[in-house]
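Understanding the architecture of this molecule
Residues per chain are reported as follows:
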Number of protein chains: 2
Amino acid sequence: MITIQDIQEAKKRLDGVVQNTPLAYSPILSKQFEANIYLKKENLQLTGSFKIRGAFNKISTLNEMEKATGVVAASAGNHAQGVAYSASYYNINATIIMPEATPLTKVSGVKSYGAEVILYGANYDEAYSYAMKYAKDNDSTFIHPFADDTVIAGQGTVALEILEQLDNIDMILVPIGGGGLISGISTAIRALNPTIKIIGVVASGANAMKISYNKKEPIDSISVKTIADGIAVRDVTPKMLDYTLDLVDEIIEVEDKEIASAILFLLEKQKIVVEGAGAVGLATILHNKIDVKGKTVVLPLSGGNIDVTMLSLIIEKGLVKSSRKMNMIVTLIDKPGSLMTLTDIFKQNDANIVSIDYDRNSVQLDFGEANVTIAIETKGEAHQNLIRDRLKSNGFRFKEI
Amino acid sequence: MITIQDIQEAKKRLDGVVQNTPLAYSPILSKQFEANIYLKKENLQLTGSFKIRGAFNKISTLNEMEKATGVVAASAGNHAQGVAYSASYYNINATIIMPEATPLTKVSGVKSYGAEVILYGANYDEAYSYAMKYAKDNDSTFIHPFADDTVIAGQGTVALEILEQLDNIDMILVPIGGGGLISGISTAIRALNPTIKIIGVVASGANAMKISYNKKEPIDSISVKTIADGIAVRDVTPKMLDYTLDLVDEIIEVEDKEIASAILFLLEKQKIVVEGAGAVGLATILHNKIDVKGKTVVLPLSGGNIDVTMLSLIIEKGLVKSSRKMNMIVTLIDKPGSLMTLTDIFKQNDANIVSIDYDRNSVQLDFGEANVTIAIETKGEAHQNLIRDRLKSNGFRFKEI
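Basis of the calculations
- Residues numbered from 1 in each chain as written.
- Chains lettered and ligands numbered in written order.
- Predicted model: local features only at pLDDT ≥ 70, side-chain atom pairs only at ≥ 80, totals over all residues.
- Heavy atoms only, no water.
- Contact = heavy atoms within 4.5 Å.
- Buried area = accessible area lost by both parts, 1.4 Å probe.
- Polar contact = N/O pair within 3.5 Å; in protein donor to acceptor, adjacent residues only side chain to side chain.
- Helix = DSSP H or I, 4+ residues; strand = E, 2+ residues; numbered from the N terminus.
- Nonpolar A, V, L, I, M, F, W, Y, C, P; charged D, E, K, R; others polar.
- Pairing = 2+ DSSP bridges.
- Buried < 20%, exposed > 50% of the residue type's maximum accessible area, 1.4 Å probe, protein only.
- Axes fitted to C-alpha atoms, helices over the stretch in contact; angles between N-to-C directions.
- Parallel < 35°, antiparallel > 145°, perpendicular 65-115°, else oblique.
- Left-handed = near helix turned anticlockwise from the far one by under 90°.
- Core = buried A, V, L, I, M, F, W, Y, C linked by side-chain atoms within 4.5 Å.
- pLDDT = per-residue confidence, 0-100.
- Phe/Tyr/Trp six-rings, centres within 6.5 Å; stacked < 30°, edge-to-face > 60°.
- Lys NZ or Arg CZ within 6 Å of the ring centre and 35° of its normal.

Turning to the interface of chain A and chain B, a few remarks are in order. Facing the 33 residues of chain A at the interface are 34 residues of chain B. Of all residues in chain A, the largest losses of buried area upon contact with chain B belong to Lys271(A), Val308(A) and Lys379(A), amounting jointly to 26% of the total for that side. Linking chain A to chain B there are 6 residue pairs in polar contact (both at pLDDT 80 or more). Listed by contribution, the elements that provide at least two residues to the side of chain A that touches chain B are α2 (27–32), α6 (104–111), α12 (256–269) and α14 (308–321) of chain A. Sorting elements by how many residues they give to the side of chain A that touches chain B places α14(A) first, with 6 residues. A per-class count over the side of chain A that touches chain B returns 12 nonpolar, 13 polar and 8 charged.

Here it is in structure tokens:
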């Protein structure tokens, strides 16, 4: 087990390189939930996530021989960037094994720090196995993303910063993937302020740590599937479970749709980009999975590396869910003027048409009918009801999709 | 004209209410442009923009009688929120006149601060005229969005914070709409550190201030059209032109597509949401409209209130432009297996299909042909060229759209 001294030493190593990220009070969340809610913005960290803390601490402690033979890591994400950045800082070789399907932006992100990238394997597990073998074959040091005490001590520096930035914290909600962040944070907090409640949050699609925590034995998932790719870890490492059982008060899980709404909230209301893993803590609050009333709560937003395509999808779904967009198929009589009557209803009721598609070939249609698939911008539930009424009173059949 | 004392007094009034926003060094921009680039994050300000500074300062200085009769403003955007928030702080009545087409999110944003909203007029000018009349009829105080010295003094507090946060600044790039922000900032900088170069930035679609500055006389635009709605100001107020001529070194303009790429850069690389007006300064740097090499440069990111639908559009266009997405119409023989041959090419070359639409009814097609409109995710220019080659070598005709 690591100690508070390990974390304090890590902090000295990180000093002047890794950013001391802002801990920002959120007036809007605090008001809405009658609490004092603070956001620890690790999405603004160098490389876009807290992962650089552990990687930098680990690489700092390598001896000259180890530095000369370079480091190896397997990751398609934040750990890869943390290792690449830290290796480049010490001017040592880094080889990152990434799964073959890794998006180009992530590959070039890592390459931009001077690391060598090898694309290998159909998934993370294959890349991981190859990286272990590659490190052995080349006498290099493999940097584990979480199951390494020096890495964990680096992640724990997040908590030292938080405790310097704020007093009287009641609760902290920490994302759990492999368990590196929460082990580091908890070790620091238990040593310095043991009364703070530490709650771990997993994604429902990758909840092995929660199940293992409740059963008190490591149980791996058969598969993982979540938009929070930063915490999509399939297997529970016994050592990480020991840390978690020892230090964490409770583990909560949140669904992908709850995570998505938290990402959208942070984007719209807080003006920051946070990835799925970083948004799980807020998701528990937004969806009333925890009572924070009257409490001072800290949410470490662990990272901001979310693909913009995913962000677009989240916005799109969020707009539909919050009644700001409406998608429907309207069946109309296939004759001149029908479409105009329909579009006139939208115009009269101030609903902007985003996209439209006209089809009279569907076999589900009677002869002489046509289907219009249409997307409109609306101003909320009342506005949508008005449009539904108008469509009905004008004799249109429609189905919302 | 206002003085540095006016701004210093404003700062005292704002203290403890308005946020002292972070001035963050950007490693990635600094490296890319061989400069020291700092971002003043007014997008993280209360109400999502710097506008609360001017509004709060103005409302703070009203006497008891004026407070009792309430305030009126015309705005669909950041000024509306600033006035509404400030009025609610002093527990006085605020009436905000918004154009009829104002999106519901903006209306409810203002209402959430307790302000009364009146939807009036087809555009800002009509809302503005009505607001003036409404204020007069109701003996209320009209709060101008920029042409008011007390408002300008409030905006100037941005510069006081920057000068406290950083020494040795060479240059500051300030968005210009009506001119309130740059007048306030320039007044403070000229008084405290006159060697800093002050550059104003307008959107090409709303460049009246730049034209007026160059001709040294106020020339209004006939119309304005830009995605930077926060600085889409049509007319040049003579008083604001005087400030600008007196204090600003140069004015640069940027196109909408340049602003969009700056918004996307901030989203992807800096993990923050910035609206068009707030991104114009960065747009000048990204698109080499100014040489910053070796300089210490401050970019006030004036606000973050951008509609998420617009954000989605910017992401979409940005993906196409950076070769991460490809939209095309492929013409194929309308027979069993044709579509499979096509989709197989994408599979073999690792291009993910985002959307697909099959049409054999277009009159531009020969009999026996069909058009497939398809969007695919790609990994850059080289990957796109590979796909183009494969399509050609397999005999497909296609047109990129």
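Another point: the sheet that holds strand β3 (residues 71–74) of chain B. Ordered by their spatial adjacency, 4 strands build an open sheet running β5-β4-β3-β6 (chain B), and the pairing between neighbours is parallel. Looking at the sheet topology across the chains shown, the edges are occupied by β5 (116–119) and β6 (141–142) of chain B.

To continue, consider unusual backbone geometry. In this model, Thr47(A) sits at a positive phi of 70°, which is unusual for a non-glycine residue. As for its placement among the helices and strands, Thr47(A) is situated in the loop between β2 (36–41) and α3 (51–60). Residues other than glycine seldom take positive phi values, yet Asp139(B) does so here, at roughly 50°. Note on placement: Asp139(B) falls in the loop between α7 (124–137) and β6.

Our focus in this paragraph is the pairing of strand β2 (residues 36–41) of chain B. All names here are of chain B. Along β2, 5 of the 6 residues are buried, which leaves the element largely enclosed by surrounding structure. Relative to strand β10 (residues 296–301), β2 runs parallel, the two being bridged by 6 bridges. By the bridge assignment, Ile37 is partnered in β10 with Val297.

On to the packing of helix α10 (residues 180–192) of chain B against helix α12 (residues 238–247) of chain B. Residue and element names in this part refer to chain B. It is at 10 Å that the axes of α10 and α12 come closest, and there the two elements cross at 40°. Our classification of the angle between α10 and α12 gives oblique. As α10 runs across α12, the sense of the crossing is left-handed. Every residue of α12 that contacts α10 at Gly180, Ile182, Ser183, Ser186, Thr187 and Arg190 is listed here: Met240, Tyr243, Thr244 and Leu247. A per-class count over the contact of α10 with α12 returns 4 nonpolar, 5 polar and 1 charged.

This next bit is on the sheet that holds β2(B). All names here are of chain B. If you trace the 6 strands from one edge of the open sheet to the other, you get β1-β2-β10-β7-β8-β9, paired in mixed fashion. Looking at strand neighbours, the two that pair on one side only are β1 (23–25) and β9 (250–254), the edges of this open sheet. Neighbour-to-neighbour, the strand axes of the sheet open up by a mean angle of 25°, direction not taken into account. Across the sheet, helix α11 (residues 208–215) lies against β8 (197–203) and β9, angled at about 145° from β9, the strand it touches most.

Okay, the packing of helix α3 (residues 51–60) of chain B against helix α5 (residues 78–89) of chain B next. All names here are of chain B. Where α3 contacts α5, the two axes come as close as 8 Å, and the packing angle between them is 40°. The angle between α3 and α5 places the two elements in the oblique class. α5 is crossed by α3, and the crossing has right-handed handedness. Two secondary-structure elements touch here, α3 through Lys51, Ile52, Ala55, Phe56 and Ile59 and α5 through Asn78, His79, Gly82, Val83, Tyr85, Ser86, Ala87 and Tyr89.

Next up on the list: the nonpolar core. Ile37(A), Leu267(A), Ile37(B) and Leu267(B) are the most contacted members of the largest nonpolar core, which has 88 residues in total. The contact partners of Ile37(B), leaving out residues within four places of it in the chain, are Ala24(B), Tyr25(B), Ser26(B), Leu29(B), Ser30(B), Ile285(B), Val292(B), Val297(B) and Leu299(B).

Per-chain confidence: chain A averages 94 in pLDDT, with 100% of residues scoring 70 or above. Here the predicted complex scores 0.91 on pTM and 0.90 on ipTM.

With that out of the way, let us pick up the packing of aromatic side chains. Residues and elements named next belong to chain A. For the coordinates displayed, the defined rule picks out 18 aromatic pairs over all chains. For the pair Tyr120 and Tyr130, a centre-to-centre distance of 4.1 Å together with 15° between the ring planes defines the contact as stacked. Linking Tyr120 in the loop between β5 (116–119) and α7 (124–137) with Tyr130 in helix α7, this pair joins segments that are 10 residues apart in sequence. Relative accessible area serves as the criterion here: at 36%, Tyr120 is assigned to the partly exposed category. Judged by its relative accessible area of 24%, Tyr130 is partly exposed. Taking 6.1 Å as the distance between ring centres and 45° as the angle between the ring planes, the aromatic pair formed by Tyr130 and Tyr134 counts as tilted. Within this pair, Tyr130 and its partner Tyr134 are both found in helix α7, separated by 4 residues, close to a single helical turn. A residue is classified by how much of its surface remains accessible, and Tyr134, at 17% relative accessible area, is buried. Ring pairs connect the aromatic residues Phe56, Tyr89 and Tyr90, which therefore count as one cluster. Here the basic side chain of Lys67 rests over the ring of Tyr90, its NZ or CZ set 4.5 Å away from the ring centre.

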